[in-house]
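Commentary on secondary and tertiary structure
What follows is each chain in one-letter form.
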Amino acid sequence: MTHADQPQLTFNGNCEEAFASYAAIFGATPSVLMRFKDLPGLTQTPESWGDKVMHAQIDIGGARLMGSDRADHLYDKAQGLTVSITVDTPEGAERFFAALSEGGKITMPMAETFWAQRFGMVVDRFDKAL
């Protein structure tokens, strides 16, 4: 069986902070946090990046979200990618939207649409382009 429900987000050095925030927002616990310094034989990563995140993983309601840090010369801002969050109630949607938009940029305000009781879009504060 093939699964395509595991988005991998890349960060410019703030993956750990982002995943701690996501864990708090969604009431989850990161299940994996591996640092570059823990990789045996790794010689391509600068020593200053030892504490940065090579792989983070959090399970949210049966879905898996993964992430990692990338050094400036390797980091590219994601384009054409969104992560969708589906919740059971309009109140839940409002709560998550408010938390994710704090310090971020709302690109579509939360509202009722013909396809959903609540729908909105936000670029969270961890996007370095803000």
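Quick notes on the rules
Residues numbered from 1 in each chain as written. Predicted model: local features only at pLDDT ≥ 70, side-chain atom pairs only at ≥ 80, totals over all residues. Heavy atoms only, no water. Salt bridge = Lys/Arg side-chain N within 4 Å of Asp/Glu carboxyl O. Helix = DSSP H or I, 4+ residues; strand = E, 2+ residues; numbered from the N terminus. Buried < 20%, exposed > 50% of the residue type's maximum accessible area, 1.4 Å probe, protein only. Axes fitted to C-alpha atoms, helices over the stretch in contact; angles between N-to-C directions. Parallel < 35°, antiparallel > 145°, perpendicular 65-115°, else oblique. Left-handed = near helix turned anticlockwise from the far one by under 90°. Contact = heavy atoms within 4.5 Å. Nonpolar A, V, L, I, M, F, W, Y, C, P; charged D, E, K, R; others polar.

**Side note on the pattern of salt bridges**
Summed over the entire model, instances satisfying the criterion amount to five salt bridges. Across the salt bridge formed by Lys37 and Asp51, the nearest N and O atoms sit 2.6 Å from each other. Residue Lys37 is located in the loop between strand 2 (30-35) and strand 3 (53-60), and its partner Asp51 is located in the loop between strand 2 and strand 3; the two are separated by 14 residues in the primary sequence. Judged by relative accessible area, Lys37 falls into the exposed class, the value being 53%. On the basis of relative accessibility, which here comes to 48%, the residue Asp51 falls in the partly exposed class.

**Structural notes on the packing of helix 1 (residues 15-26) against helix 2 (residues 90-101)**
Following both chains from N to C, one finds helix 1 and helix 2 inclined at 160°, their axes separated by 10 Å at the closest point. Between helix 1 and helix 2, the interaxial angle falls into the category roughly antiparallel. Classified by chirality, the crossing of helix 2 by helix 1 is right-handed. Contacts between helix 1 and helix 2 involve Tyr22, Ile25 and Phe26 from the former and Arg95, Phe96, Ala99 and Leu100 from the latter. Broken down by class, the residue content of the contact of helix 1 with helix 2 amounts to six nonpolar, no polar and one charged.

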